[in-house]
Structures are given as C-alpha cells and as structure tokens.
Amino acid sequence: MSSIIPSMLAFIHLYFDYFLDFLYGLYYNSKKKIVSASKDPILELSATEMARKIREGELKSEEVVLAHINRIKEVNGLLNAVIDERFDAALEEARRVDENIAKGVYAGRDFKQKIFLGVPFTTKGTTVCKGLDVSFGLVPRKGMKGTEDAKVVENMKNSGAILLALTNVPQLSIWSEAHNPVFGITNNPYDTTRNVGGSSGGECSIIAACGSAIGIGTDIGGSIRIPAYMCGLFGHKCSPTVTPTKGLTFRNGSEQDRTMVVAGPISRYCEDLIPGLKAILGADACRSLQLDKKVDIAKLKYYFIEEMPSLLISPVRSDVMKSFRSVVEHFRKMTGKAQELEIEELAYTARLYTKALANEGNDFSYDVTNKKYRAVWYRELFKYIFRCSNLSFSSVMVLINAQVLRKATSEWFEENTEKIKSELLSKLGNDGVLFFVSQPTTAHYHHLSYLRPYNLLYFSLFNLLKFPVTQVPLGLSHDGLPLGVQVVSAPFNDHLCLAVAQELESVFGGYVPPNSQA
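Residues numbered from 1 in each chain as written. Predicted model: local features only at pLDDT ≥ 70, side-chain atom pairs only at ≥ 80, totals over all residues. Heavy atoms only, no water.

J.: Requested: an account of the pattern of salt bridges, with residues and values cited.
T.: One side chain can pair with another of opposite charge once the charged atoms of both are near each other. In the structure shown here, the tally under the stated rule is 28 salt bridges. The residue Asp296 makes a salt bridge to Lys299 at a minimum N-O spacing of 3.9 Å. For Lys299, a relative accessible area of 65% puts it in the exposed group. Close ionic contact of Asp363 with Arg374 constitutes a salt bridge, the shortest N to O distance being 2.7 Å. Placement of Asp363 in the loop between α12 (349–359) and α13 (364–367) and of Arg374 in the loop between α13 and α14 (377–385) is noted, with a sequence separation of 11 residues between them. Several salt bridges converge on common partners, so that one network encompasses Glu49, Arg52, Lys53, Glu56 and Glu58. (Salt bridge = Lys/Arg side-chain N within 4 Å of Asp/Glu carboxyl O. Buried < 20%, exposed > 50% of the residue type's maximum accessible area, 1.4 Å probe, protein only. Helix = DSSP H or I, 4+ residues; strand = E, 2+ residues; numbered from the N terminus.)

J.: An account of the sheet that holds strand β6 (residues 214–219) is needed here, citing residue identities and associated values.
T.: Adjacent strands of a sheet form backbone hydrogen bonds with each other and so pair up, either parallel or antiparallel. Pairing in this open sheet of 11 strands is mixed, and the strands run β1-β3-β2-β6-β8-β7-β12-β13-β11-β9-β10 from one edge to the other. Lying at the two open borders of the sheet, with one neighbouring strand each, are β1 (82–85) and β10 (339–340). As defined by bridge partners, β1 adjoins strand β3 (residues 162–167) across 3 bridges and the pair is classed as antiparallel. Looking at the pairing, Val82 lines up with Thr167 of β3. Against the sheet, helix α9 (residues 273–281) contacts β6, β7 (234–237), β8 (262–267) and β12 (469–476), and its axis sits at roughly 140 degrees relative to β8. (Pairing = 2+ DSSP bridges. Contact = heavy atoms within 4.5 Å. Axes fitted to C-alpha atoms, helices over the stretch in contact; angles between N-to-C directions.)

J.: Could you give an account of the packing of aromatic side chains, naming the residues involved and the relevant values?
T.: This structure, assessed with the given rule, holds 19 aromatic pairs. Between the aromatic rings of Phe136 and Phe250, the centroid separation amounts to 5.5 Å while the plane-to-plane angle is 85 degrees, which identifies the pairing as edge-to-face. Here Phe250 lies in the loop between β7 and β8 and Phe136 lies in the loop between β2 (120–124) and α6 (151–158), a separation of 114 residues in the sequence. Between Phe436 and Phe462, the aromatic rings sit 4.9 Å apart at their centres with planes inclined by 90 degrees, giving edge-to-face as the arrangement. (Phe/Tyr/Trp six-rings, centres within 6.5 Å; stacked < 30°, edge-to-face > 60°.)

J.: So what's going on with the nonpolar core? Residues and values would help.
T.: By size, the foremost hydrophobic cluster in this structure holds 141 residues, and its most contacted members are Leu434, Phe435 and Val500. If you look at the next biggest cluster of nonpolar residues, it comprises 16 residues, including Val134, Trp175, Leu391 and Tyr450. (Core = buried A, V, L, I, M, F, W, Y, C linked by side-chain atoms within 4.5 Å.)

J.: Outline a nonpolar patch on the surface, supporting the account with residue identities and numerical values.
T.: Together, Ile5, Leu9, Phe11, Ile12, Tyr15, Tyr18 and Leu311 give the surface a local cluster of nonpolar side chains, amounting to about 690 Å² of exposed area. Relative to the helices and strands, Ile5 is located in helix α1 (residues 4–28). For Ile5, a relative accessible area of 42% gives the class partly exposed. (Patch = residues over 30% accessible without salt bridge, like charges linked within 9 Å, V, L, I, M, F, W, Y side chains within 5 Å. Areas by Shrake-Rupley, 256 points an atom, 1.4 Å probe, with all protein chains shown as cover.)

J.: Before we move on, could you go through the state of the cysteines and cite the residues and values that matter?
T.: Inspection of the entire model under this criterion finds 0 disulfides. We note that Cys497 lacks a disulfide partner, and the nearest cysteine sulfur, in Cys270, lies 11 Å from it. (Disulfide = S-S within 2.5 Å.)

J.: Give me the lowdown on the packing of α12 against helix α17 (residues 457–465), citing residues and values where you can.
T.: Relative orientation of the contacting elements α12 and α17 amounts to 50 degrees, with a least axis distance of 10 Å. By the angle class used here, α12 and α17 are oblique. Between α12 and α17 lies a crossing of left-handed hand. Contacts from Thr349, Ala350, Leu352, Tyr353 and Ala356 in α12 reach Leu457, Ser460, Leu461, Asn463 and Leu464 in α17. Here the residues of the contact of α12 with α17 sort into 7 nonpolar, 3 polar and no charged. (Parallel < 35°, antiparallel > 145°, perpendicular 65-115°, else oblique. Left-handed = near helix turned anticlockwise from the far one by under 90°. Nonpolar A, V, L, I, M, F, W, Y, C, P; charged D, E, K, R; others polar.)

J.: Summarise the packing of α14 against helix α15 (residues 393–404); cite the residues concerned and give the values.
T.: Where α14 contacts α15, the two axes come as close as 9 Å, and the packing angle between them is 155 degrees. Taken together, the axes of α14 and α15 are roughly antiparallel relative to one another. You can see that α14 and α15 cross each other, and the crossing is left-handed. Contacts from Trp377, Glu380, Leu381 and Tyr384 of α14 reach α15 at Phe393, Val396, Leu399, Ile400 and Gln403. By residue class, the composition of the contact of α14 with α15 is 7 nonpolar, 1 polar and 1 charged.

What follows is the structure in structure tokens.
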C-alpha cells in the first residue's frame, strides 16, 4: 500500500502536467515561430575553428565579428536575447587584430596564449562589463553601466576574444526563465513560445541562433545547464573554488573558496569547452580540473539515475526517457555494464538546496530591491497583483519558496548532504561518471515554470554537491525541441565529463540548428 500511493500521485501529476500543456498550447500554438536558418557559413564554425582560421589567415577577424553582428540584428527582434551591445568597439578591436596578424606582431607563444584571438563572444547580463548594462534586471538599476569588467570577462578578453554583446537574464539570475521587468522575456529559437531557461537564457538563445560563437555562463542552480538543455547546446559547470567571482552580480571576489556559483563556457560544439574553460577561468586555475589528461572512456565506470524521488518534480516524459536510456545503452554495450543507483536522500533535495542557498550569505530579499529595503513576499505579491511592484513574478516566487520550504537545521543539512555525496563518491571515485536526466520535459511554454518550479532540482542537486557536470545535447524531440543529458563526475575530474561528452557528440550528433527536422 505504501508504494501504491506515491505511484498514484505520480500518475496524477503526469496527467496534470499534460493538461497544463494542453491549456497553454491553446493560447501559444498559433503564435509559434522558429528562427530562420543561418546563411553565412562562418556562423556554423566552432569558436575553436574560427580562431584557427583567423590565426592562419583564412578568415579576417573583422569579417567574423561583422557576420555575428549582422546575425544578431537579423534574429534579435524575434528572440529578445541581446540587451546591450558594443558593435562599433568590437569591429575596431577586430581590425586591430587583423592588422597585428598581418604585421607579424603575434609570435607562436602569443598565438598559443590567445586561444580565441579575434573570435567574438557574448556574456550574460549579470557578469559586469565595462560600459554595458548592469541593471541585473532590476528596475532601480535601469540605465546603470559597468565601470570595469568581471574577472571572467577580463580573462576571456585576455584570450584574444572580442566582447560583442550582453544577454538577458532573470532578476539577479535567480529563476529558470530569462524574464525581467527591464528587458522583458527571451524566446527560444526552436519555438518562440517556449522557455529558453535561466539564468543564462539570453546567452543560450543567441548562441543557438548562431549570433555568438561562444558565451560565458554562470551556474549556482543550473544557470548554465538549464538553458543549454532547452536550447540544444553544450555547457560545463566546473568543479568548485576555481572560478574568480569578482563582478558576478554583487560579488567582490572573496566568495571564491566557499560559494556554489561557478562560471563556464556555453557553445554549440564540445571542442570549445576545454579551451573555453581555460580562457574563462585562466590556465592556472584549470590545472586542478585535469583538462588535458587523456581518458580511455572504455575503461570508465558508468552509473545512472533515471528519476528524482520527489513528488514536487514532474514525472519524466517518454521522449526524454527514451533519449536518456539510449545514452545508457550505448555505454552499456561499450563496457558491458552500466549500474543504476538509488539514493533515498535525493527526496530532500528541495530543502537541502534551499538551505545551501541560504548558506551562501547573500540576502535575495535585500539585493532584489537594489539594497533599498528587504522585500516581504506577501507585500510584493500584493503590489505585483496591482502592477506596482518592481519585482518580476519569478522573484516573488523565490521569496515565497524561502518561506514554504521549512528551513533545515545545519545538522540535518550536513548529515543528508554528506550521505548523498558519500554515496556518489564511493561509486564514481576517479574513474566513474553518472548519467542524470536534465529535466523531465523538453522546453515548456513561457511562464509554465511558475507551476513547475522544482523541476530545476535535476540541475541544482549538483550545485549543492559541488560536482562538475557537462550538459550534452542529444538532438531534437518529435516536436522539434532539444533533448539532452547531464554527465557528472566527482570533483576535480572534469576531464571525465568532457571526454564522455565528446563521445556523445560523435554518436548522437550534438547541436542541431533550429529549423532542422527532428
């Protein structure tokens, strides 16, 4: 009897989700648009290949940058992904790169250090960039501009990359959809009625539409992986303590050794992830990630978990599960074994992650008002209903969530977090990876995340544990929306995730452009 009730509730949850999709579809389906295919072959290259061609004189940086500017102008009216730009400055920087290459200014060592010389990149709107918007989606900060670059942006520029534009986010990067009162909502290039994910949603939208070669994402609860999944891209959440945090929203850099937040690359191609990590984090910081260590994927141990044991989360849909099981089966055939894991304490992930967020030391209720006052959920909800709140509804939801989920004691938090971590570490060691569902559904309709707020726990679990994860695209579903899988390893074994991601790209095809057939 005890097992029947959860099964019945999961069944009801599944069909309630289908009913919500039906209702939202009645409103949205007639509004669906798909971004047009790119016609410029430059835009189809990986960032790594662009850099090689620029170094070898096959392409000019100026033509590469101009191609991306033109693409952004072509698609951004439909997507609303880019919120601020520096096109003129980027073109000028590109011309200088071309001139210096022609003059032989760069020697072999300089070329090696400048991994992305002449390649345009974008970054999300909560990484501070000199001269660009720093509103973070907050109405009181509207019109404010950055006075210096975040350290990760500075690092990327030092790799030779050229900053092109800034992309949309939810307020303070806390929600699973890119929507705020300052810049509005960002649309998914595969279906403009669908969520792009968050918080790096604008970033993934413009990269998937070929408006940017590579981007910087940050991840404190899935903010790289959620939108990478929904937009069919690669993204990597790295191991802890290696990300310079200065300039990530209000962070000053002192948080690096204790925070869950990390930065990482987002790209259409797996080959960009390792050079992207080296560029964003810095070569010295990346040494502990073992990025250059050779991996024999046939000798790794493989594990998988199909579903989170929580009734707060939507049941996994059949198309998502089918693609997930095809991944597991591929590696089972390769090695002869892939073991399913069951960890009871995963049922506590919502409370554990909420406590972990509280332990970060940031006060969302204060920060979301630009430190003017501490927002109280019922007051902000009342103001929102009467359209006099500066908060988005997602921010109100974040305030509510902090109250709804009973706060865990530190002892309970430490005990149950350690149980999950110990169980996984005992299996993964230094030669194992875990396959984990990215999300129970493909990208859902706009605003449906309000009714499925805990689906992000598939992602935020690994922020709680501080494990590295690579989000890998697996083609498109029957309705043309991206599918994907998370590849997880033990901390500081990032090279294992990335090696398996490379295999998955070669077998399942990786990124599929919008307007392609499923």
